[in-house]
Amino acid sequence: MKIVQKIDEENRLWIEVSKKAILKENMGKPSLKLYFKSGIQDRLFPLETSFEENKSGEYVLVGRNTILLPYVFLNEAGDEKVEVRVELFQGGSRKAIGEPFYLDSKYFVKPQMNVTGRFAEIRWIVALLLLPVAVITSFLAGNKGRNALKKANQHIKRWTGISFSLREFKTDYLKKQYEKSLSLPVKTNNVLFLSERKVEKGGNLALVYDELKNNKNLIITSFLKTKTVDRLSFKELRESARLMAEAGCIVLEDFYPQLHALDLRKETKVIQLWHACGAFKAFGFSRLHKPGGPEEESKNHRNYDKVFVSGEKMIPYYSEAFAIPEENVLPLGTPRTDIFFDEAYKEQIFAELFNQFPVFRGKRRILFAPTFRGQGNKDAYYPDSSFSVETFMKDMPEDVILIIKQHPFVKNTINIPQEYKDRVFDLSKKISINDLLFVTDVLITDYSSSVFEAALLDIPMVFYVFDEDSYRKDRDFYEDFDSFIPGLKAENQDELKKQTLICLDNEKALTYDTTEFKETFLSAIDGNSTKRITEYLIDLIEED
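Definitions and cut-offs
Residues numbered from 1 in each chain as written. Predicted model: local features only at pLDDT ≥ 70, side-chain atom pairs only at ≥ 80, totals over all residues. Heavy atoms only, no water. Helix = DSSP H or I, 4+ residues; strand = E, 2+ residues; numbered from the N terminus. Expected span 1.5 Å × (residues − 1). Buried < 20%, exposed > 50% of the residue type's maximum accessible area, 1.4 Å probe, protein only. Contact = heavy atoms within 4.5 Å. Polar contact = N/O pair within 3.5 Å; in protein donor to acceptor, adjacent residues only side chain to side chain. Salt bridge = Lys/Arg side-chain N within 4 Å of Asp/Glu carboxyl O. Patch = residues over 30% accessible without salt bridge, like charges linked within 9 Å, V, L, I, M, F, W, Y side chains within 5 Å. Areas by Shrake-Rupley, 256 points an atom, 1.4 Å probe, with all protein chains shown as cover. Pairing = 2+ DSSP bridges. Right-handed = clockwise from strand over helix to strand, strands pointing away. Phe/Tyr/Trp six-rings, centres within 6.5 Å; stacked < 30°, edge-to-face > 60°. Lys NZ or Arg CZ within 6 Å of the ring centre and 35° of its normal. Axes fitted to C-alpha atoms, helices over the stretch in contact; angles between N-to-C directions.

A. Representation of helix α5 (residues 234–246) in the model. Taking 1.5 Å per residue, 13 residues should reach 18 Å; α5 reaches 19 Å between its end C-alpha atoms and fits that length. Residues of α5 that are buried: E236, L237, S240, A241, L243, M244, A245 and E246. Buried positions along α5 lie against α3 (166–181), β9 (187–195), β10 (219–224) and β11 (247–252).

As structure tokens, this is what we get:
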């Protein structure tokens, strides 16, 4: 293995790792990562990995990246040298390669910016003058629309410490109110549930809330507003600040941006249930230097004390994505999957859905459930031109029903022609995807985490990935896509119809053995996740 590295005046590490490649089929996507360790802190950092041919005509595996060392760890690195080693991830396996090297802890010291008075006024003037430069820089880097302005503001903030974002203004107000509320006593048995998304019945947050709410030894509070921080009123900001200051335990199931701007009191534990199983498409800090990815200086996700995942092999992926120590990630399961082991619940959902939609009886039901495109809930969409109900349904047998379930972020709807109104149903806003899976004969998806729940039920799947190359470039996957998917692949609508018809053929329906897939991604899923997690939380709270 060969390592080329240098550290510039900003303490940015430029690194290139190369090793001789052994090309084997069905080995999965190789990914090189750096593992940093200082005392009790550790962190996995992704490298851009590719196969390249060297001057001797040999193929080598190369990993490159630039890393701002002061922001590798959330806290200071300490006095000792920081251990760094290269690790290779491939096909669910992980191994260290070569010998570790060590970096002086001085490179990991965060810069301080304390400015007041006249210099603070000058910063505002400089920020205004640099704004056009930042916007042009952002557009030249390939950013578009709202995301270009967001990146431009990030440039300005990095250069001057000034932000023009309403979100950041409201977040700063929340931070000041939180600091005022620290005069209130913390209640270690106070469990606060936080979300800015609609809390879904049967979702992780709802299930854990329902399990804990009757515990007489706990104080259960919640702040569940379906609004981002920039849309919260000042009254709501003050209320949430007080609730967070008083909480001994804060429970999340998704990204809650403003929480990470706070210097939380040490008595407060932050628990991330996360809303999805497994690890499919890259997220969080695994998307560094990609469109929509976080800045290296960001504190997003990094104050999680515990994160619960669906299997032991998921630990390094979530550790990397949230930039937290691996010991903070526990394979205790995913509560929303418990229903798949509950036969009584399954029978209940069958009865309810068939009563609500009698036309479903005696039909073969296809569920179309793609994920969103865009950077997040504000700009999420699904491209209208990519899927035509008419084109798809005209070749489907008469006994086929199509159910559409868009991602909750997506606002636009798929057009359903009048002639198919009795065979095509958009249930995006009405019924949870987990309940719909119980009555699904074939699932059409793309990069959605619903693949994991569907695998638990052995549902035949078609992966409709018309934009796979651009999605990989902008977002990427943790595993090689073709090796990962437990089903058939379609890249255009003609292939989609062909593959769907294959799945509808009962003799060919199980197109993929999901045993190994479930062992890799879902080893902690057994119907007891909610019980296991709530018992763990009660023990954690009682320890304090």
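Let's pick the thread back up.
B. How the structure looks around the environment of T228. On the secondary structure map, T228 appears in the loop between β10 and α5. Judged by relative accessible area, T228 falls into the buried class, the value being 6%. Linking T228 and E196, residues 32 residues apart in sequence, is a C-alpha distance of 6.2 Å. Side-chain polar atoms of T228 contact the side chain of D230, separated by 2.7 Å.

C. Region of the structure containing the pattern of salt bridges. Summed over all chains, the structure comprises 34 salt bridges. One salt bridge connects R64 with E16, and the closest N-O pair in it is separated by 2.7 Å. Residue R64 is located in strand β6 (residues 59–68), and its partner E16 is located in strand β2 (residues 12–20); the two are separated by 48 residues in the primary sequence. Owing to a relative accessible area of 29%, E16 belongs among the partly exposed residues under this scheme. In this structure, the salt-bridge partner of D104 is K81, at a minimum N-O distance of 3.9 Å. Highlighted residues: D104 in the loop between β8 (93–103) and α1 (117–140) and K81 in the loop between β6 and β7 (82–90), separated in sequence by 23 residues.

D. Up close: a nonpolar patch on the surface. A cluster of nonpolar residues, L166, F169 and F234, forms a patch on the protein surface that exposes about 300 Å² of accessible area. You can see F169 is positioned in helix α3.

E. Spatial organisation of the pairing of β9. Judged from the 4 bridges that link them, β9 and β11 form a sheet pairing that is parallel. The residue of β11 that forms the bridge with V191 is C249. As judged from the 6 bridges shared by β9 and β10, these two strands associate in the parallel manner. Paired with L192 across the two strands is T221, which belongs to β10. Taking the sense of rotation as the criterion, the β-α-β connection linking β9, helix α4 (residues 204–212) and β10 turns out right-handed.

F. Examining the packing of aromatic side chains more closely. For the structure on display, the rule yields 41 aromatic pairs. Between F360 and F425, the aromatic rings sit 5.6 Å apart at their centres with planes inclined by 80°, giving edge-to-face as the arrangement. Of the two residues, F360 is situated in the loop between α7 (343–356) and β15 (364–368) and F425 in strand β17 (residues 424–426); the sequence distance between them amounts to 65 residues. For the ring pair Y447 and F481, a centre distance of 5.9 Å and an interplane angle of 65° mean the geometry is edge-to-face. Placement of the pair is Y447 in the loop between β18 (442–445) and α10 (450–456) and F481 in helix α12 (residues 481–484), with a sequence separation of 34 residues. When its relative accessible area of 0% is taken as the criterion, Y447 is described as buried. Assessed through its relative accessible area of 1%, F481 is described here as buried. Its guanidinium or amino end placed over the ring of F285, R302 lies 5.8 Å from that ring's centre, counting from NZ or CZ.

G. Region of interest: the pairing of strand β1 (residues 2–7). The sheet contact formed by β1 and β2 spans 6 bridges and is antiparallel. The partner of I3 across the bridge, within β2, is V17. Where β1 hands over to β2, the hairpin turn is made up of 4 residues, of which N11 adopts a positive phi near 60°.

H. Looking closely at the sheet that holds strand β19 (residues 461–464). Taken in spatial order, the 6 strands line up as β17-β16-β15-β18-β19-β20 in an open sheet, and their pairing is parallel. Each edge of the open sheet carries a strand with a single partner, namely β17 and β20 (488–490). Averaged over all adjacent pairs, the angle separating strand axes in this sheet is 20°, with direction ignored. Examined bridge by bridge, β18 and β19 share 3 bridges and lie parallel to one another. The residue of β19 that forms the bridge with T445 is F463. Relative to the sheet, helix α13 (residues 493–504) contacts β15, β16 (400–404), β18, β19 and β20, its axis offset from that of β20 by approximately 155°.

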